[in-house]
Amino acid sequence: MEYDFLIVGTGLFGATFARLATNAGCKCLVIDRRPHTGGNTHCIDISGINVHQYGPHIFHTKSEDVWRFVNKYATFNRFTLSPIANYHGQLYNLPFNMNTFRQMWDATTPQQAMAIIDSQRYHGTPRNLEEQALALVGKDIYEQLIKGYTEKQWGRSCRNLPPDIIKRLPLRYTFDNNYFDDPYQGIPIDGYNSFIDKLLQGSEVMTGCDFFDGLANDWRHTAHTLVYTGMIDQFYQYRYGRLQYRSLRFETETLQTPNYQGVAQMNFTDANTPYTRIIEHKYFQCSGNDIYHNPMTVITREYPQPYTPDSEPYYPVNDDTNNRLYSLYKALAGKETDIIFGGRLAEYRYYNMDQTIASAMRKWSQYQGQDNRHGT
Ligand code: UDP
């Protein structure tokens, strides 16, 4: 057999796994159905600006291990995501913090803000996203900064969404606009493409190669172990039915102005604006007045879409029905002795980048524990 691993997908899970396996002396073939590597981290250059082709990717983590690992293959800048919410032209800082509360209610102390939120709060046990949001931040913030955005993003009522999604956003009674609570945050200075190239160095890589066009049936002639990072329901030919995903359409424009919106990300939280956010890509790589060095800018509007087989499955929809269906596929996957499933699509989890890398590290360690061909 020619390869130790056939890795399907060159995104963060596949590329991290390939790096760890190659470091241990294994031979990997890594394939991707798209014409490029890196999955959704892939960037393209437009007018000297590194454009995040599949939506903004800001790396952030609490994990020392993951931070140490990624820093071996990229140098990170100190980008800090501080998005602005635009509700019918009124601007608010995100995540929900003292700046937001001052803008919303003119509250100037944590005590005032807490008292207002407390008077609007939902006091029961939250059963859905609406109740969870009302329990966390009360009615005003829910109605102006959460409801419209979330219902556009997921294409359904907040009453029909799992509570956990909204817990991704911090709530703080301090003047701190950092969107993430993690101690480590940044964007690779040389871009994600270079980072992914370094992870894949030493592996054989084939892009434009769809696993389901042939290899799926006889991959065991090619490799000892399969690492699969695509949709788990597709892997099992939708045997128990289709899992739901949410997709996106990106509309990218180059503008003859150095500074379009003054911030990397503006969220449009009303129900009528058809897109959820506008990304101004140059902010990911420049700080301060450096943005004026390039007289042009590139922006992307993000339109949530239903997932269809011709689109990309960006987000799993982790409600009870889908999670139950996934558990059937997971049980099948658990019986496989020579297949490793990993990443957002194969594990059907709304992973951040660091969680995907952590999962690949974990699954590599588990593999090493079971397989004594390569030692530990
Ligand atoms: N969200 C919101 N208002 C915002 C931004 C986010 O209500 O202005 C909610 C929305 O439900 C979204 C979730 O928070 O799906 C998670 O947002 P995040 O920014 O983590 O989404 P991602 O960048 O992964 O699309």
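For the structure itself, look to the data block above.
What you see is a predicted model, and the numbers here were worked out from it, not measured in a lab.

Examining the overall build of the protein
Scanning the protein from N- to C-terminus turns up 10 helices and 16 strands. C-alpha extents for the protein along the principal axes are approximately 70 × 50 × 40 Å. Expressed as a percentage of the 376 residues in the protein, the buried residues total 56%. Long-range pairs, those at least 24 residues apart, make up 71% of the contacts in the protein between residues at least 6 apart in sequence. Looking at the protein as shown, the accessible area adds up to about 17,100 Å², and 46% of this sits on carbon and sulfur atoms. Treating the 36 positive side-chain charges of the protein as one cloud and the 39 negative ones as another, the clouds have centres 4 Å apart.

Concerning the state of the cysteines
Overall, the coordinates contain zero disulfides when judged by the stated rule. Between Cys 26, a free cysteine, and Cys 28, which holds the nearest cysteine sulfur, the sulfur-to-sulfur gap is 6.2 Å. A residue is classified by how much of its surface remains accessible, and Cys 26, at 5% relative accessible area, is buried. Lacking any disulfide linkage, Cys 286 is separated from the closest cysteine sulfur, that of Cys 43, by 14 Å.

What about the site of the ligand?
The ligand sits among 17 residues. The nearest are Thr 150, Arg 168, Tyr 179, Tyr 315 and Tyr 350. In the model, an oxygen atom of the ligand is placed 2.8 Å from a nitrogen or oxygen of the Arg 168 side chain. Between the ligand and Tyr 350, the relevant distance is 2.6 Å, taken from an oxygen atom to a side-chain nitrogen or oxygen of the residue. Starting from 530 Å² of accessible surface for the ligand in isolation, the protein chains cover 93%. Of the residues that constitute the shell around the ligand, the class distribution is 11 nonpolar, four polar and two charged.

As for the nonpolar core
Phe 5, Leu 6 and Phe 211 are the most contacted members of the largest nonpolar core, which has 105 residues in total. It is helix α5 (residues 129-154) that provides the largest number of residues to this core, a total of nine residues. Setting aside its immediate chain neighbours within four residues, Phe 211 contacts Leu 6, Val 8, Ile 31, Ala 216, Trp 219, Leu 226, Tyr 228 and Phe 235. The next biggest cluster of nonpolar side chains, apart from the first, holds nine residues, and it includes Ile 84, Leu 255, Phe 268 and Ile 278.

Looking at the sheet that holds strand β11 (residues 245-255)
Strand order in the open sheet made by the seven strands is β7-β6-β12-β13-β14-β11-β15, with mixed pairing throughout. Edge positions in the sheet fall to β7 (90-93) and β15 (315-316), since each of these pairs with one other strand and no more. Taken together, the four bridges between strand β6 (residues 84-87) and β7 define a ladder with antiparallel strand orientation. Paired with Tyr 87 across the bridge in β7 is Gln 90.

Points about the side chain of Lys 152
Of note, Lys 152 is situated in helix α5. In this structure, Lys 152 is buried with no salt-bridge partner, the nearest side chain bearing the opposite charge being Asp 270 at 4.5 Å. Within the structure, the side chain of Lys 152 is placed 2.7 Å from the backbone oxygen of Phe 268, a separation counted as a polar contact. Excluding residues within four positions of it along the chain, Lys 152 makes contact with Arg 246, Phe 268, Asp 270, Ala 271, Thr 273, Pro 274, Tyr 275, Thr 276 and Pro 304.

Quick look at the packing of helix α3 (residues 98-105) against α5
The N-to-C vectors of α3 and α5 enclose an angle of 85°; their axes lie 12 Å apart at closest approach. As far as their axial angle goes, α5 and α3 are roughly perpendicular. Of the residues in α5, those in contact with Thr 100, Phe 101, Met 104 and Trp 105 of α3 are Val 137, Asp 140, Ile 141, Gln 144 and Leu 145. In terms of residue class, the contact of α3 with α5 is made up of six nonpolar, two polar and one charged.

Some remarks on helix α9 (residues 320-335)
Here α9 contains 16 residues, and its C-alpha end-to-end distance of 23 Å stays within 8% of the 22 Å for a straight helix at 1.5 Å per residue. At its buried positions, α9 is contacted by α8 (232-235) and β16 (339-341).

What to know about the pairing of β11
Relative to β15, β11 runs antiparallel, the two sharing two bridges. The residue of β15 that forms the bridge with Arg 246 is Tyr 315. Across 10 bridges, the pairing between β11 and strand β14 (residues 297-306) is antiparallel. Bridging from a neighbouring strand, Thr 254 pairs with Val 298 of β14.

A few points about empty space enclosed by the protein
Within the structure shown, the criterion is met by one cavity of 30 Å³ or more. The computed volume of the largest cavity comes to approximately 40 Å³. For the largest cavity, the full set of lining residues is Phe 96, Leu 136, Val 137, Ile 146, Ile 166, Leu 169, Pro 170 and Leu 171. The residue inventory of the lining of the largest cavity, partitioned by class, reads eight nonpolar, no polar and no charged.

Comments concerning the pattern of salt bridges
Summed over the entire model, instances satisfying the criterion amount to 18 salt bridges. Here Glu 312 ties to Arg 34 by a salt bridge, and the two come within 3.4 Å at their closest N and O atoms. With Glu 312 in the loop between β14 and β15 and Arg 34 in the loop between β2 (28-31) and β3 (43-46), the pair connects residues that are 278 residues apart, well separated along the chain. Overlapping salt bridges, with partners in common, bring together Arg 249, Glu 251, Glu 253 and Arg 301 in one network.

About the thresholds
- Residues numbered from 1 in each chain as written.
- Predicted model: local features only at pLDDT ≥ 70, side-chain atom pairs only at ≥ 80, totals over all residues.
- Heavy atoms only, no water.
- Helix = DSSP H or I, 4+ residues; strand = E, 2+ residues; numbered from the N terminus.
- Buried < 20%, exposed > 50% of the residue type's maximum accessible area, 1.4 Å probe, protein only.
- Contact = heavy atoms within 4.5 Å.
- Areas by Shrake-Rupley, 256 points an atom, 1.4 Å probe, with all protein chains shown as cover.
- Lys, Arg positive; Asp, Glu negative; His and termini not counted.
- Charge placed at Lys NZ, Arg CZ, Asp CG, Glu CD.
- Disulfide = S-S within 2.5 Å.
- Near = heavy atom within 4 Å.
- Polar contact = N/O pair within 3.5 Å; in protein donor to acceptor, adjacent residues only side chain to side chain.
- Nonpolar A, V, L, I, M, F, W, Y, C, P; charged D, E, K, R; others polar.
- Core = buried A, V, L, I, M, F, W, Y, C linked by side-chain atoms within 4.5 Å.
- Pairing = 2+ DSSP bridges.
- Salt bridge = Lys/Arg side-chain N within 4 Å of Asp/Glu carboxyl O.
- Axes fitted to C-alpha atoms, helices over the stretch in contact; angles between N-to-C directions.
- Parallel < 35°, antiparallel > 145°, perpendicular 65-115°, else oblique.
- Expected span 1.5 Å × (residues − 1).
- 1 Å grid on protein atoms, 1.4 Å probe; cavity = no way out; pocket = protein on both sides within 12 Å on 5 of 7 lines; lining within 4 Å.
- Points joined across faces, edges and corners; volume = space filled by probe spheres on them.

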